Each structure stands twice: as structure tokens, then as C-alpha cells.
Amino acid sequence: FKKKHCVFSQLRRELRGWSGAALRRSFVAKGHGGQKRAFKVKLVGEGVNDYSGPYREVFTDAIHEVTALDQEGRSCLGIMQPTANGEGNVGEGRDLFVFANVARDNAELSEQVDRRPISEEEATFSRHFSCAARCKSESSREVDDTLLYLGKLVGVACRHGLPLDLPLPLGTVWKQLAREGSVNMKDALREIDILAFKQAGNWGNDASDELLSQTKMLNYFAEGMALTLPIELLSLFGGEQLREIVCGNPEIDVELLQRVVEYEGYTGDEEVIGYFWETLREMTTSERKLFLQFVWARNRLPMKESGFDAPFKIQKDA
């Protein structure tokens with residue numbers, strides 16, 4: 001698909017002038033099934049009213065486009081890319097994505113080479129924040145701005161109880177956002193690049209160039225989240241807890257869905273209802289995600305019942 005026509009880009013254009021305060025709104029309109037929202041969605045050319053379904057759909061589609069790959073396995077939008085483990089089909093975390101590492105032009109690279117002696121504190125700052133302090137090429141500046149917008153979008157979805165299918169690494173993203181002090185950088189590297197981890201040898205807890213690059217890009221993603229979420233409070237959670245809050249359950253728990261379902265025209269004891277749940281259990285996780293997106297405009301579920309703001313409803317056709 002073309003970048004400018006995808007949902008992610010269209011949503012970005014429409015929200016370009018919106019402040020963080022506007023996106024932090026969480027109003028519930030009458031008849032919208034309890035879905036909190038910051039704006040209303042209009043799908044041009046489609047006869048549909050936004051009673052919460054289209055609102056959930058744009059977030060689901062936008063995040064899907066961020067991780068979509070072309071026929072050659074490259075990122076369609078150039079925002080995120082599969083981990084080295086995923087590309088090589090080795091190690092753990094093969095289904096994870098990392099921030100796309102855009103090649104910097106020569107002028108930008110020259111900014112990184114500074115012959116002056118610097119203190120250890122200045123060196124630490126340069127390693128982690130130099131991407132924000134040096135001259136940038138147009139392409140790298142666009143990626144940085146896009147990551148900031150992605151963080152903003154993820155923050156809005158989190159505020160409104162919309163779990164996202166965003167498979168980011170635990171060590172380089174979620175634990176960093178939660179400011180876990182015990183993050184082992186060797187484990188973080190192994191999660192995304194097992195070959196680099198093996199080549200590193202016994203170098204303690206130092207970070208590789210790949211990890212430093214991911215940390216720099218994470219700064220922009222976190223800055224976007226900070227516009228819509230109180231990011232300083234994320235340290236109240238562990239990395240795994242934060243991932244669960246933002247992304248929900250990677251598996252579609254049929255039993256959980258049964259506990260929150262509402263029936264209209266059925267009692268739940270009918271034979272057809274039994275067939276429905278039996279069929280859903282026989283589906284693979286991917287098939288369940290496609291089913292949920294079709295009927296409920298979402299492909300992730302919260303971790304527990306209290307996380308459902310809007311019910312899953314089965315209605316009898318009159």
C-alpha cells in the first residue's frame with residue numbers, strides 16, 4: 001500500500017494540529033457502548049456511523065500497518081522492522097519488532113566524530129541523546145517525528161482501554177519505559193540479536209551500538225507517550241506489567257471472552273451458542289485475532305475482566 005493513503009498516515013495528518021490536552025480527553029457518547037474516545041471517526045465512502053467500532057478500527061489498522069512487511073520482508077512504512085533474530089529465524093523473540101534504523105547521511109555522521117576531549121558525563125549524554133543534539137538528514141528527522149507520533153497514538157489507545165498488537169522487545173522498550181534499574185543489557189541484546197550477543201563475549205553489562213541506537217529512538221517514542229500519558233508514573237510498574245497494560249494478552253482467551261459476553265435474544269444455553277464457542281476454541285490464535293477484528297474491531301483482549309470497558313455482545317438476528 002502507499003504510505004500517504006494508509007490509515008496511519010491519514011490519522012497523522014488529521015491529528016497534526018491537535019495538542020496533547022485534546023488527545024487526553026476521554027468522553028463517552030450516548031449509545032457508544034462505553035467506549036472512551038478523544039475524537040470521532042468518519043470513514044469516507046462507507047455507510048457506517050462511529051458507535052465505537054470505527055474508533056477502535058483505526059487504532060488496530062494503524063498499528064498493523066506499522067509492523068506490516070512487503071514481499072521482500074522490509075517494513076512498508078519504514079518505522080519498525082523485524083529483529084535480527086526474526087530476520088535470521090534464530091534465537092528468541094523472532095516475532096518482535098524494533099525501531100527502524102535509518103542510515104544517516106555523511107553530514108550527520110561527521111557530527112558524531114568529535115575530536116575534543118570530553119568528560120565521562122558528557123560521553124554518557126552523547127551516547128544516549130546525541131540523536132537529539134546533532135544536525136540531521138531529512139529522512140532521519142522524519143523517522144524521529146514519526147516515532148514521536150507513534151508514541152502519542154499508543155498513549156491515546158492506552159488511555160481509552162484499547163490493547164494494541166505492538167510486539168516490542170521487553171528489554172529495550174518496556175523495561176526502559178518502566179525505568180527498571182536491573183535491566184541486563186546482555187539479555188536485552190540476546191532478545192533481539194542472538195548473533196551479536198554471542199560475538200560480544202564477556203564484556204559485562206556494556207551496551208552495543210545496536211542497543212544504543214534503539215535507546216536513542218526510544219526517547220522520541222517516549223516523548224510522544226508523555227504527551228498523552230503521565231509517563232513519570234510508568235515506573236510504578238515493571239516492564240512486563242507495562243507491556244500487559246499497553247498490549248493486553250497476546251493470546252485470545254476464549255474462557256475470558258465467555259465471562260464478559262452479553263447475550264441479546266439468547267440465554268447462552270442454546271445449541272448454536274455451544275457450537276460458536278466450540279468453533280472459536282478450535283481456531284488458531286491468528287484466526288481468533290481476525291475474527292475479533294471483524295466482529296469487534298480489535299485484535300487484542302485485556303488481561304482480566306476489569307479491563308473491559310465495552311462488552312462483547314452476541315445478538316440474535318430478528
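Refer to the structure above for everything that follows.
Draft legend 1. Just the pattern of salt bridges, in detail. This structure, assessed with the given rule, holds nine salt bridges. One salt bridge connects lysine 289 with aspartate 165, and the closest N-O pair in it is separated by 3.3 Å. Here the residue lysine 289 occupies a position in helix H15 (residues 285-296), and aspartate 165 occupies one in the loop between helix H7 (138-159) and helix H8 (170-177), the gap between them amounting to 124 residues. A relative accessible area of 19% places lysine 289 in the buried class. Using a relative accessible area of 21% as the deciding quantity, one classes aspartate 165 as partly exposed. Here arginine 259 makes a salt bridge to glutamate 305, at a shortest N to O gap of 2.8 Å. Here arginine 259 is found in helix H13 (residues 254-260), whereas its partner glutamate 305 is found in the loop between H15 and strand S4 (312-315), with 46 residues between them in sequence.

Draft legend 2. Representation of empty space enclosed by the protein in the model. On inspection of all chains with the given rule, the structure shows one cavity of 30 Å³ or more. Taken as a whole, the largest cavity encloses approximately 30 Å³ of empty space. If you go around the largest cavity, the residues you meet are Arg56, Phe59, Thr60, Leu162, Pro163, Leu164, Ala297 and Arg298. For the lining of the largest cavity, the class distribution of residues is five nonpolar, one polar and two charged.

Draft legend 3. View of the layout of surface pockets. Approximately 520 Å³ is the volume found for the second largest pocket. Lining the second largest pocket we find 19 residues, and of these Gln10, Val41, Lys42, Leu43 and Val58 sit closest to its centre. Those elements giving two or more residues to the lining of the second largest pocket turn out to be helix H1 (7-14) and helix H3 (53-66).

Draft legend 4. Up close: the side chain of threonine 83. Within the secondary structure, threonine 83 sits in the loop between strand S1 (80-82) and helix H4 (84-88). Judged by its relative accessible area of 1%, threonine 83 is buried. One polar contact links the side chain of threonine 83 to the main-chain carbonyl oxygen of glycine 93, over a distance of 3.3 Å. Ignoring any residue separated from it by four or fewer positions in sequence, one finds threonine 83 in contact with Gly93, Leu96, Phe97, Val98 and Ile192.

Draft legend 5. Here's a closer look at the packing of aromatic side chains. Within this structure, the stated rule accounts for eleven aromatic pairs. Every member of this aromatic cluster is reached through a ring pair, and the members are Phe276, Trp277, Phe291, Trp296, Phe308 and Phe312. The side chain of arginine 37 reaches across the aromatic face of tyrosine 55, ending 5.0 Å from its centre.

Draft legend 6. View of the side chain of serine 9. Position of serine 9 among the secondary structure elements: in helix H1. The residues touching serine 9, leaving out its near neighbours within four places in the chain, are Lys3 and Lys4.

Draft legend 7. How the structure looks around the packing of H8 against helix H11 (residues 209-226). Where H8 meets H11, the axes come as close as 10 Å, and the angle between the chain directions of the two elements is 40°. As the angle between them shows, H8 and H11 are arranged oblique. Like other packed secondary-structure pairs, H8 and H11 cross with a definite hand, here right-handed. Along its contact with H8, which presents Thr172, Val173, Gln176 and Leu177, the element H11 presents Leu211, Leu218, Phe221, Ala222 and Met225. A breakdown of the residues in the contact of H8 with H11 according to their chemical character gives seven nonpolar, two polar and no charged.

Draft legend 8. Local environment of unusual backbone geometry. You will see that asparagine 89, though not glycine, has its phi angle at about 55°, which is positive. In this fold, asparagine 89 is placed in the loop between H4 and strand S2 (97-99). The phi angle at alanine 297 is positive, at roughly 60°, despite the residue not being glycine. By the element assignment, alanine 297 lies in the loop between H15 and S4. For alanine 297, a relative accessible area of 7% puts it in the buried group.

Rules behind the numbers
Residues numbered from 1 in each chain as written. Predicted model: local features only at pLDDT ≥ 70, side-chain atom pairs only at ≥ 80, totals over all residues. Heavy atoms only, no water. Salt bridge = Lys/Arg side-chain N within 4 Å of Asp/Glu carboxyl O. Helix = DSSP H or I, 4+ residues; strand = E, 2+ residues; numbered from the N terminus. Buried < 20%, exposed > 50% of the residue type's maximum accessible area, 1.4 Å probe, protein only. 1 Å grid on protein atoms, 1.4 Å probe; cavity = no way out; pocket = protein on both sides within 12 Å on 5 of 7 lines; lining within 4 Å. Points joined across faces, edges and corners; volume = space filled by probe spheres on them. Nonpolar A, V, L, I, M, F, W, Y, C, P; charged D, E, K, R; others polar. Polar contact = N/O pair within 3.5 Å; in protein donor to acceptor, adjacent residues only side chain to side chain. Contact = heavy atoms within 4.5 Å. Phe/Tyr/Trp six-rings, centres within 6.5 Å; stacked < 30°, edge-to-face > 60°. Lys NZ or Arg CZ within 6 Å of the ring centre and 35° of its normal. Axes fitted to C-alpha atoms, helices over the stretch in contact; angles between N-to-C directions. Parallel < 35°, antiparallel > 145°, perpendicular 65-115°, else oblique. Left-handed = near helix turned anticlockwise from the far one by under 90°.

These results come straight from atomic positions and should not be treated as a statement about function.
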